[in-house]
Amino acid sequence: MMDLSAYRDIFIEELNDQLERMDQSLLALELSPSVELVQTLFRAAHTIKGSASTMDFRELSDLTHEVEYALEWVREKKPEMTSELIDTLFRSLDAMKVLRDQYIRGEAYADFRAVVREIKDLIQTPAVVGQLKVPQLQPAESIVAQVAIVSGKQLLSIHVVLEQKCMMKAARYHILRQRIEDICGTVVATSLMESQPGAQNEDDHYGQFIIIVATSKDPQQLKAELSSDSDIHMLEIDPYLLESNEVAATSAPLELISETVQSKQSLPTVNTTGPDEKVKAAQPTVRVSVERLDHLMNLVGELLIDQTSLADLSGTGARKESSTLIRSISGVSDHMGRVIKELQEGVMKTRMLPIDQLFSRFPRLVRDLSQKLGKDLELVIQGGETELDRMIIEELSDPLIHLIRNSADHGIESAEVRAELGKPSKGRITLTSFHEENHVVIRYSDDGKGIDGEKIKASALGKGIISEEQAARLTTQEAVHLIFEPGFSTASSVSEVSGRGVGMDIVRSQIGRLNGIIDIDTEVGVGTTFTIHLPLTLAIIKGLLVKVSGRVLILPMYNVAEIVRISPEDIQMIQGQQAILNHGRIVPFHRLCDRLNYPRTDRKSKTIPLVIVRSVDKIAAYAVDEIIGNQEVVIKTLGTYLGAMNHLSGATILGNGKVALILDASYLVSL
């Protein structure tokens, strides 16, 4: 059998793309129904079904087949796009996503027969659905079914609807039943339409029927063989799964099944991975345009030319004058510097993705929250074309989800309250992104009730997060930032959406890990805006080189708010902690050598070099021995063998070949 593992990552990547396309198309279809959107959904479902079938992922293939059939019905019948229809399609899409996740993790697949029945009930006419039920197997039939399964056969449900004009439907039923038995081998059970009271024609009792068979035939091949009959109006062939009560009904004659199992070869199960044998998840990938790759290839070609030039200069250097040789080497070095700079920018661009790949996940979230909370919500997205490192984009998902859930649950008022306040009944959430100098700004805002700083302060005081002395010293604006403290919540009750006091803490920790900064601008009764500043990439940063106890350390320039010099007299004791005043704000003061457990060195200067570090919403001042300067550095990971190194985000190699450690700003400000 062909080994499909080599194509697994490609399959998952394509599956993610198609599921995302279906999600966006369904949202658009709900707002503005069109034939083009239905066709897009149908093509995506058809692609998923084909790919899943190729990868022998039958569970997803079978489920997607039902979704595809439903979309074909929508395309042909053009029904009204009711909320029931859209919700059913969304639930089907969610089931497909669950199967995808279970496939990636190597888990047992969930049972989605209820979703399949929901699709069938929705797209078939009440007359068809109400009069015909899938047969439930009797104990004797269950034994036959289980014996067939352990012998390597599969159970199929064949649903046949005869043409209305078909004469002698009863005779046609018996002919088709015999034909199906001849092709498949074993008929396990059958189900006919219920006779209607007062019906004049008993022949209509055979107008449609379901036959459960045990066969080794491929469903598509079987359908092709049966579809040639001109009296068949509709033919559906689906896998039939035994219900738990059908299996339980066979508990008495287990000897028969046991003997049959022993007489057959052992068959592989659907999923044999144990808890310690999880299937490896797909490797992260990035799609890069051929144009960008060609540009990188040209740059590499120029570097090869420079390498040849240096080799030539090395060979002929002895015959040249030193001044001429130096000029030649200098020219090649300058050109190499320009090419390397351009190569660096080109490689960084290959890691960049439009942030719309993240933003596009949120309209569905807002829609579901709107239904769950009974609020009319809309999401406005701007600047989706802004590019950001793919690793940062992935890490941003959770923080933004928490912001959206908090806004929807207790940030935006109900329609009744908004009407009383003279606001539009529809609450608005806005996501905007744009470049600003060498970083990306993401602005999240809502037009809800805003954040009351005094209420936040009182809640934090009641929960013991701050003391009364700290509360008295906090301004209203500073009190707003208490929402980021662990365990903080102003929700009066815990709901499925929010109120557990964990969301905003996650926002701060995630943004901190990305070397980001977050600001809050809020006005009671008007709304709240969160502004997040992020570096373009985490692979190459501009760092500030400082010397501490004879060691060179690096602080990300992105987190350096200010560099100042102070005299020892400027250090004050506030509540038993050293601090300085910076632009009227009290900033905690620390010596970096003490924090890192390095020995102190003798200070010769009368002033103290100070680096004011900022991360997310916190700030701290660190004294160092010397400010060396700033330069771009390539971050190298330290590996797991060093253990937990919370104060370090990595290391780099300096121009002199020595290793310098890169400090984690979020850790420093949290001390």
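Reading the values: the criteria
- Residues numbered from 1 in each chain as written.
- Predicted model: local features only at pLDDT ≥ 70, side-chain atom pairs only at ≥ 80, totals over all residues.
- Heavy atoms only, no water.
- Pairing = 2+ DSSP bridges.
- Helix = DSSP H or I, 4+ residues; strand = E, 2+ residues; numbered from the N terminus.
- Axes fitted to C-alpha atoms, helices over the stretch in contact; angles between N-to-C directions.
- Parallel < 35°, antiparallel > 145°, perpendicular 65-115°, else oblique.
- Contact = heavy atoms within 4.5 Å.
- Nonpolar A, V, L, I, M, F, W, Y, C, P; charged D, E, K, R; others polar.
- Phe/Tyr/Trp six-rings, centres within 6.5 Å; stacked < 30°, edge-to-face > 60°.
- Buried < 20%, exposed > 50% of the residue type's maximum accessible area, 1.4 Å probe, protein only.
- Lys NZ or Arg CZ within 6 Å of the ring centre and 35° of its normal.
- Salt bridge = Lys/Arg side-chain N within 4 Å of Asp/Glu carboxyl O.
- Expected span 1.5 Å × (residues − 1).
- pLDDT = per-residue confidence, 0-100.
- Lys, Arg positive; Asp, Glu negative; His and termini not counted.
- Left-handed = near helix turned anticlockwise from the far one by under 90°.

Section: the sheet that holds strand S13 (residues 551-556)
Right, so step 1: On the basis of which strands lie adjacent, the open sheet formed by 5 strands has the order S20-S12-S13-S22-S21 and mixed pairing. Each of the sheet's edge strands pairs with one partner strand only, and the pair in question is strand S20 (626-634) and strand S21 (648-653). When strand polarity is set aside, the average angle formed by the axes of neighbouring strands in this sheet is 35°.
Right, so step 2: Bridge analysis of strand S12 (residues 540-548) against S20 gives 8 bridges, and the strand direction is antiparallel. In the strand pairing of S20, Lys542 is matched with Glu632.

So, the pairing of S12
Right, so step 1: Here 6 bridges tie S12 to S13, and the two strands are oriented antiparallel to one another. Note that in S13 the partner of Leu544 across the bridge is Leu555.
Right, so step 2: Counting the residues in the hairpin turn of S12 and S13 gives 2 residues, including Ser549, whose phi is positive at 55°.

Comments concerning the packing of helix H1 (residues 8-31) against helix H15 (residues 362-373)
Right, so step 1: At their nearest, the axes of H1 and H15 sit 10 Å apart, and the two run at 50° to each other. In this view, H1 runs oblique relative to H15, as classed from their interaxial angle. On H15, the residues touching Asp23, Gln24, Leu27 and Glu30 of H1 are Pro363, Arg364, Arg367 and Gln371.
Right, so step 2: The residue makeup of the contact of H1 with H15, split by class, is 2 nonpolar, 2 polar and 4 charged.

Some thoughts on the packing of aromatic side chains
Right, so step 1: Scanning the entire structure with this criterion turns up 7 aromatic pairs.
Right, so step 2: Ring geometry for Phe11 and Tyr103: centres 5.6 Å apart, planes at 85°, overall edge-to-face. With Phe11 in helix H1 and Tyr103 in helix H4 (residues 83-105), this pair connects stretches of sequence that are 92 residues apart.
Right, so step 3: The buried category is assigned to Phe11, whose relative accessible area is 4%.
Right, so step 4: We classify Tyr103 as buried; its relative accessible area is 14%.
Right, so step 5: Here a set of aromatic residues connected by ring pairs shows up, and it is made of Phe11, Phe57, Tyr103 and Tyr109.
Right, so step 6: Directly above the ring of Phe42 sits Arg75, whose terminal nitrogen or CZ lies 4.0 Å from the centroid.
Right, so step 7: Geometry around Tyr598 places Arg551 over its ring, the cationic atom sitting 4.2 Å from the centre.

Let's talk about unusual backbone geometry
Right, so step 1: With phi around 60°, Asn515 is a residue other than glycine that occupies positive phi space.
Right, so step 2: With respect to the secondary-structure elements, Asn515 resides in the loop between helix H21 (503-513) and strand S10 (517-523).
Right, so step 3: Under the relative-accessibility criterion, Asn515 is labelled buried at 10%.
Right, so step 4: Positive phi, close to 60°, is recorded for Asn597, a residue that is not glycine.

Describing the pattern of salt bridges
Right, so step 1: One pass over the full model with this rule turns up 23 salt bridges.
Right, so step 2: The salt bridge involving Asp368 is made with Arg367; its shortest N-O contact spans 3.2 Å.
Right, so step 3: Overall, Asp368 belongs to the partly exposed group, its relative accessible area being 29%.
Right, so step 4: Relative accessible area serves as the criterion here: at 10%, Arg367 is assigned to the buried category.
Right, so step 5: Note that Arg614 is salt-bridged to Asp519, the shortest N-O span being 2.4 Å. In this pair, Arg614 is assigned in strand S18 (residues 608-615) and Asp519 in strand S10, connecting sequence segments 95 residues apart.
Right, so step 6: A relative accessible area of 24% means that Arg614 is categorised as partly exposed.
Right, so step 7: What emerges from the salt-bridge pattern is a single network uniting Asp23, Glu30, Asp87, Asp94, Lys97, Arg364, Arg367 and Asp368.

What about the sheet that holds strand S4 (residues 232-239)?
Right, so step 1: Strand order in the open sheet made by the 4 strands is S2-S3-S1-S4, with antiparallel pairing throughout. Each edge of the open sheet is held by one strand with a lone partner, namely strand S2 (186-192) and S4. Strand-to-strand twist of the sheet, defined as the mean angle between neighbouring strand axes without regard to direction, takes the value 20°.
Right, so step 2: Looking at chain direction, strand S1 (residues 154-162) and strand S3 (residues 208-215) are connected through 8 bridges and run antiparallel. Looking at S3, one finds that Ser157 is bridged to Ile212.
Right, so step 3: Most of the contacts of helix H7 (residues 139-150) go to S2, to which it runs at about 135°, and overall it touches S1, S2 and S3.

Here's the deal with helix H13 (residues 322-350)
Right, so step 1: Spanning 29 residues, H13 covers 41 Å between terminal C-alpha atoms, matching the ideal 42 Å at 1.5 Å per step.
Right, so step 2: Residues of H13 that are buried: Leu325, Val332, Val339, Leu343, Gly346, Met348 and Thr350.

Describing the confidence of the model for the chain
Right, so step 1: Model confidence for the chain is summarised by a mean pLDDT of 80, while 86% of its residues fall at 70 or above.
Right, so step 2: Here helix H6 (residues 126-131) is the element of the chain with the lowest mean pLDDT, 40, and strand S6 (residues 377-382) is the one with the highest, 93.
Right, so step 3: Note on residues 125-130: pLDDT is under 50 here. Beyond four places in sequence and across chains, it has 4 contacts.
Right, so step 4: Below pLDDT 50 for its whole length, residues 248-282 participates in 42 contacts with residues either more than four positions away or in separate chains.

Overview of the side chain of Lys375
Right, so step 1: Within the secondary structure, Lys375 is located in the loop between H15 and S6.
Right, so step 2: For the buried Lys375, which has no salt bridge, the nearest side chain bearing the opposite charge is Asp409, at an N-O separation of 5.3 Å.
Right, so step 3: When sequence neighbours within four positions are dropped, the list of residues in contact with Lys375 reads Ser370, Ala408, Asp409, His410, Ile412, Glu413 and Ser414.

A few points about the packing of helix H8 (residues 169-184) against helix H9 (residues 219-226)
Right, so step 1: The interhelical angle for the contact between H8 and H9, taken along N-to-C directions, is 140°, at an axis separation of 12 Å. Judged by the sense of rotation from one axis to the other, the crossing of H8 with H9 is right-handed. Seen from H8, the contacting residues are Arg179, Ile180, Ile183 and Cys184; seen from H9, they are Leu222, Glu225 and Leu226.
Right, so step 2: Grouping the amino acids of the contact of H8 with H9 by side-chain chemistry returns 5 nonpolar, no polar and 2 charged.

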